[in-house]
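Observations on the three-dimensional arrangement
One letter stands for each residue in the lines below.
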Amino acid sequence: MALLEAHGLKKNFGKVQALRGVDLDVNEGEVYGFIGPNGAGKSTTIRILLGILRASEGTAQIFGRDVWKDAVEIHKNIAFIPGEMNVWNNLSGGEMIDVLLRMRGVRDARYKQELIEQFDFDPTKKCGSYSKGNKQKIALIAAFSSDAELYIFDEPTSGLDPLMGTAFKECVRTVKAQGKSVLLSSHILSEVEDLADRISVIKLGKIVDSGTLEDMRHLTRNNVSAALNTSAEKILPKLNALKGVYGADVKNGRLSFQMDNNATEEIMSFLVKHGVTHLNSTPPTLEELFIQHYDADENGADTIDGAKSDVAEVDVAENNIAESEA
């Protein structure tokens, strides 16, 4: 069952078209990865889902409620973490966490102290003295201390060191095990790869690919490295001539190439025939899948449906919340 559904979301900021028809659905108990570079439309989409911005076109519902009309009721059961946490500098970190929890109506924050220790956070210092990473910890601790049904994260580990990034992953796995849902927007591809059940790639305000990581890998080529007991240079021309083989070369005496999944049997038979002694075949990483959707055109600019990317302009539009939505 989908907790979050969005169909055909479009958003214009004057002449800037930030979203061009975004479709998303997040099911109960799943982590949904939402990836794309700055200016692709991730934050604009999330702000619409939170009821901060009103879509120019399209519909979006969370818990079966309209995200714009029923934002107050929806917010009672979601936890949101932005990529840039704003705090009251005169409060201590612990006081700031308590304020955030009270605003959500949370009185029994049973996991708060455990999370403070997990994120190695000192709650006694004034917020004005905290680094960006420590301010982000405030948001993380407050979010995971609440009993939300849906967690919406927009670059949640911004400013955190790798160790704290690991702590964040553990928390996501915990809430998922409890049957909660997570929409994870991030440019840290390894983070999404480790956590997400399904992924959507957004490019210039439009979803260009969606599915499980394995679904997306079926559309790509594996990376192969093979050692032979015969001369690799000698058979290289024959290997390059095989259907489904790309970029074959010899590196440090080993064959290195990419191959289509549907050509695996023929290619493996060829290698066995020529005395393969060691073979390593790896699927593409999420980063490699991501890069495929962001190949530049001949002028070095991304395009979609004939529209040229202007990341700076879209970034300004995304952040121009002052444009009246009330």
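Use the structure listed above.
Residues numbered from 1 in each chain as written. Predicted model: local features only at pLDDT ≥ 70, side-chain atom pairs only at ≥ 80, totals over all residues. Heavy atoms only, no water.

**Focus: the pairing of strand β2 (residues 16-27)**
The line we're drawing: Any two strands with at least two DSSP bridges between them are considered paired. For helices the rule is a DSSP run of H or I covering at least 4 residues; for strands it is a run of E covering at least 2, with both sets numbered from the N terminus onward.
Where strand β1 (residues 2-13) lies against β2, nine bridges are found, and the strand directions are antiparallel. From the neighbouring strand, E5 faces β2, where its bridge partner is D25. Where β1 folds back on β2, the antiparallel hairpin that results is connected by two residues, among which G14 adopts a positive phi of roughly 65°.

**Digging into the packing of helix α3 (residues 93-103) against helix α5 (residues 132-145)**
A pair of packed helices can be characterised by two numbers: the angle between their axes and the separation between those axes. How we decide: Note on geometry: axes are lines fitted to C-alpha atoms, helical ones only across the stretch in contact, with angles between N-to-C directions running from 0 to 180 degrees. Any angle that is under 35 degrees is reported as roughly parallel, and any over 145 degrees as roughly antiparallel; angles of 65 to 115 degrees are reported as roughly perpendicular and all others as oblique. By convention, the crossing between two helices is left-handed when the near helix turns anticlockwise from the far helix through less than a right angle, and right-handed when the turn is clockwise. In what follows, residue pairs with any heavy atoms lying within 4.5 Å of each other are defined as contacts. Charged means Asp, Glu, Lys or Arg here, nonpolar means Ala, Val, Leu, Ile, Met, Phe, Trp, Tyr, Cys or Pro, and polar covers whatever is left, Gly included.
Contact geometry of α3 with α5 gives a least axis separation of 9 Å together with a crossing angle of 40°. As summarised for this structure, α3 and α5 are arranged oblique, according to the angle between their axes. As α3 packs across α5, the resulting crossing turns out to be right-handed. Across the interface between the two elements, G93, M96, I97, L100 and L101 from α3 touch I138, I141, A142 and S145 from α5. Residues of the contact of α3 with α5, tallied by class, amount to seven nonpolar, two polar and no charged.

**Points about the layout of surface pockets**
Note the cut-off: Here a cavity denotes a set of grid points, spaced 1 Å apart and computed over the protein atoms alone, in which a 1.4 Å probe fits but from which it cannot get out, and a pocket denotes an open set meeting protein on both sides within 12 Å along at least five of seven lines; residues with an atom within 4 Å of a point are reported as lining. Grid points are joined across faces, edges and corners, and a volume is the space filled by probe spheres set on the points.
Roughly 400 Å³ of internal volume is contained in the second largest pocket. Taken together, 22 residues make up the lining of the second largest pocket; nearest its centre are Y111, F144, S145, S146 and Q178. Breaking the lining of the second largest pocket down by element, the ones donating at least two residues are α4 (112-118), α5 and α6 (162-177). Broken down by element, the lining of the second largest pocket gets its largest block of residues, four residues, from α6. Residue composition of the lining of the second largest pocket, grouped by class: eight nonpolar, five polar and nine charged.

**Focus on the nonpolar core**
For clarity, the threshold we go by: What we call a nonpolar core is a set of buried Ala, Val, Leu, Ile, Met, Phe, Trp, Tyr and Cys residues that are connected through their side-chain atoms within 4.5 Å. Burial classes: relative accessible area under 20% of the type maximum marks a residue as buried, over 50% as exposed, and values in between as partly exposed (1.4 Å probe, protein chains only).
With 48 residues, the main nonpolar core has F119, I138, F144, F153 and F168 as its most contacted residues. With seven residues, the single largest contributor to this core is α5. When near neighbours in sequence (up to four residues on either side) are disregarded, I138 contacts M85, V87, G93, M96, I97, L100, F121, C127 and Y130. Residues L4, A6, F13 and V67 belong to the second largest nonpolar core, which totals 27 residues.

**Some remarks on the sheet that holds strand β9 (residues 198-203)**
With respect to topology, six strands assemble into an open sheet ordered β6-β7-β8-β3-β9-β10, the strand pairing being mixed. At either margin of the open sheet sits one strand with a lone partner, and together these are β6 (78-81) and β10 (206-211). Within this sheet the neighbouring strands show an average axis-to-axis angle of 15°, counted without direction. Across the sheet, α5 touches β6 and β7 (150-154), and the angle it forms with β6 is around 170°.

**Examining the side chain of S146**
Assignment of secondary structure puts S146 in the loop between α5 and β7. Beyond its immediate chain neighbours, meaning those up to four positions away, S146 contacts A79, L101, R104, V106 and Y151.

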